[in-house]
Amino acid sequence: DVVESQEHYKSRWRSIWIMYLTMFLSSVGFSIVIMSVWPYLQKIDPTADASFLGWIIASYSIGQMVASPLFGLWSNYRPRREPLVISTAISVAANCLYAYVHMPHSHNKYYMLTARALVGFGAGNVAVVRSYIAGATSLTERTSAMANTSACQAVGFILGPVFQTCFTLIGEEGVTWKFLCLQLNMYTAPVLFGALLGVINIILIFAIFREHRVDDMGRQYKSINSDGEGSDVLDQNPEGSIDHVAVVALNVLFFVILFVFAVFETIATPLTMDMYSWTRKEAVFYNGIILSVIGIESVIVFMVVKTLSKKTGERAILHAG
């Protein structure tokens with residue numbers, strides 16, 4: 001007996017697709033330079049060692065860890081458009097900073113560290129994205145929508161290294177634009193491309209994104225952070241019983257998965273350069289291909305999960321995973 005107007009349905013899913021795009025771009029911002037950080041770091045600051053590379057990689061995650069609860073708290077009391085736009089703008093600015101880390105005459109490695117930390121801080125909007133999608137979908141839609149979210153994240157992991165691999169064609173020297181004091185090469189072109197995508201994302205959030213909230217049955221109600229759109233929605237209590245043990249267990253599981261991935265992302269490039277005598281350009285190119293294949297595998301898994309979860313339930317999928 002739940003009736004949703006066609007206009008509301010279309011607006012709700014357009015907004016969800018914008019969140020898919022935001023998740024995708026956040027993932028691209030992470031992976032588009034992950035294989036080139038070490039060779040670029042060696043080029044701009046010879047004093048940097050492999051241990052400092054670990055701090056640069058970690059800075060992204062630390063920034064995201066700090067920002068996620070802040071943006072989440074912000075979105076609880078204000079329209080979600082605000083943290084989404086601000087976080088994306090921070091990522092755009094951080095990518096531009098990364099493109100200029102070669103400029104200072106000393107301490108370049110610390111500028112790169114700052115740039116990656118700020119990119120990670122901007123990526124804290126992932127918490128807002130997931131919470132919005134969870135709140136804007138009914139119970140029957142939610143598993144599929146969350147799987148799509150993870151698939152978009154995985155596609156970002158795929159295309160980020162692919163973009164990086166394509167940009168290796170520019171070479172290490174590339175082109176220098178003196179009037180902008182910018183070196184456009186295989187290290188800076190990816191982040192500038194990521195900044196451009198971020199600007200497009202901000203425009204789409206302003207133009208298309210709308211605040212929507214539905215209960216498990218798909219009935220719309222006014223969220224506490226609604227910006228006044230859709231005055232005909234019903235006020236309902238969104239709070240329900242929360243299984244805190246399940247939430248903690250899933251957070252721990254997510255931590256373990258990212259912990260394993262962090263090992264690969266940190267040591268892959270320096271390890272292959274040492275073990276196979278790859279040049280900086282070869283390491284970026286081949287590791288980009290490797291990470292792309294891993295991403296393709298992830299997308300396939302997410303698509304399978306969408307189908308199997310309807311037949312076996314989430315618990316069996318978690319055990320199998």
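As shown above, the structure is provided for reference.
A short tour of the structure in this document, coming up. (Residues numbered from 1 in each chain as written. Predicted model: local features only at pLDDT ≥ 70, side-chain atom pairs only at ≥ 80, totals over all residues. Heavy atoms only, no water.)

Turning our eyes to something else, we now look at the pattern of salt bridges. This structure, assessed with the given rule, holds four salt bridges. Among the salt bridges present, the one from arginine 80 reaches glutamate 211, with a minimum N-O distance of 2.4 Å. One end of the pair, arginine 80, is in the loop between helix H3 (50–77) and helix H4 (81–99); the other, glutamate 211, is in the loop between helix H8 (189–207) and helix H9 (244–276), with 131 residues separating them in the sequence. Salt-bridge contacts for arginine 280 lead to glutamate 172; the nearest nitrogen and oxygen are separated by 2.8 Å. A residue pair is termed long-range when its members are at least 10 positions apart, and arginine 280 in helix H10 (residues 280–312) and glutamate 172 in the loop between helix H7 (139–167) and strand E1 (175–177) qualify at 108 residues. Relative accessible area serves as the criterion here: at 28%, arginine 280 is assigned to the partly exposed category. Judged by relative accessible area, glutamate 172 falls into the partly exposed class, the value being 22%. (Salt bridge = Lys/Arg side-chain N within 4 Å of Asp/Glu carboxyl O. Helix = DSSP H or I, 4+ residues; strand = E, 2+ residues; numbered from the N terminus. Buried < 20%, exposed > 50% of the residue type's maximum accessible area, 1.4 Å probe, protein only.)

In this section: the nonpolar core. If you look at the biggest cluster of nonpolar residues, it comprises 59 residues, and the most contacted ones within it are Met19, Leu41, Tyr98, Met112 and Ile133. Here the element with the most residues in this core is helix H1 (residues 6–31); it accounts for 10 residues. Excluding its chain neighbours within four sequence positions, the residues that come into contact with isoleucine 133 are Ile16, Met19, Tyr20, Ala145, Met146 and Thr149. (Core = buried A, V, L, I, M, F, W, Y, C linked by side-chain atoms within 4.5 Å. Contact = heavy atoms within 4.5 Å.)

Take glycine 72: it is sitting in helix H3. Each C-alpha atom of the pair glycine 72 and arginine 130 lies 9.9 Å from the other, and the pair is 58 residues apart in sequence.

One pass over the full model with this rule turns up zero disulfides. No disulfide involves cysteine 96; its nearest neighbouring cysteine sulfur is the one of cysteine 181, lying 14 Å away. (Disulfide = S-S within 2.5 Å.)

With respect to the helices and strands, serine 15 occurs in helix H1. You can call serine 15 buried: its relative accessible area is 0%. Sequence-distant contacts of serine 15, defined by excluding residues within four places in its chain, comprise Tyr132, Ile208, Phe209, Arg210 and His212.

So, on to the packing of H7 against H8. Two numbers describe how H7 lies on H8: the axes approach to 9 Å, and their chain directions differ by 130°. Considering the angle they form, H7 stands oblique to H8. Note that H7 runs across H8; the crossing there is right-handed. Across from Phe163, Gln164 and Phe167 in H7, the residues of H8 making contact are Ala189, Pro190 and Phe193. Tallied by class, the residues present in the contact of H7 with H8 amount to five nonpolar, one polar and no charged. (Axes fitted to C-alpha atoms, helices over the stretch in contact; angles between N-to-C directions. Parallel < 35°, antiparallel > 145°, perpendicular 65-115°, else oblique. Left-handed = near helix turned anticlockwise from the far one by under 90°. Nonpolar A, V, L, I, M, F, W, Y, C, P; charged D, E, K, R; others polar.)

Helix packing geometry: the angle between the two helix axes and the distance between the axes. Taken N-terminus to C-terminus, the directions of helix H2 (residues 37–44) and H9 make an angle of 75°; their axes are 8 Å apart at the nearest point. Considered as vectors, H2 and H9 are oriented roughly perpendicular to each other. Residues Trp38, Pro39 and Gln42 of H2 form the contact with H9, whose participating residues are Thr269, Pro270 and Met273. In terms of residue class, the contact of H2 with H9 is made up of four nonpolar, two polar and no charged.

Enumeration according to the criterion identifies 14 aromatic pairs in this entry. An angle of 50° between the planes, with centres 6.4 Å apart, marks the rings of tyrosine 9 and tryptophan 13 as tilted. Of this pair, tyrosine 9 and tryptophan 13 both sit in helix H1, four residues apart, which is roughly one turn of the helix. Judged by relative accessible area, tyrosine 9 falls into the partly exposed class, the value being 36%. With centroids separated by 5.4 Å and ring planes inclined at 85°, the aromatic side chains of phenylalanine 52 and tyrosine 110 adopt a geometry described as edge-to-face. With phenylalanine 52 in helix H3 and tyrosine 110 in helix H5 (residues 108–122), this pair connects stretches of sequence that are 58 residues apart. On the basis of relative accessible area, tyrosine 110 is assigned to the partly exposed category, the value being 42%. The ring of phenylalanine 52 is capped by lysine 109, whose NZ or CZ atom sits 4.9 Å from the centre of that ring. (Phe/Tyr/Trp six-rings, centres within 6.5 Å; stacked < 30°, edge-to-face > 60°. Lys NZ or Arg CZ within 6 Å of the ring centre and 35° of its normal.)

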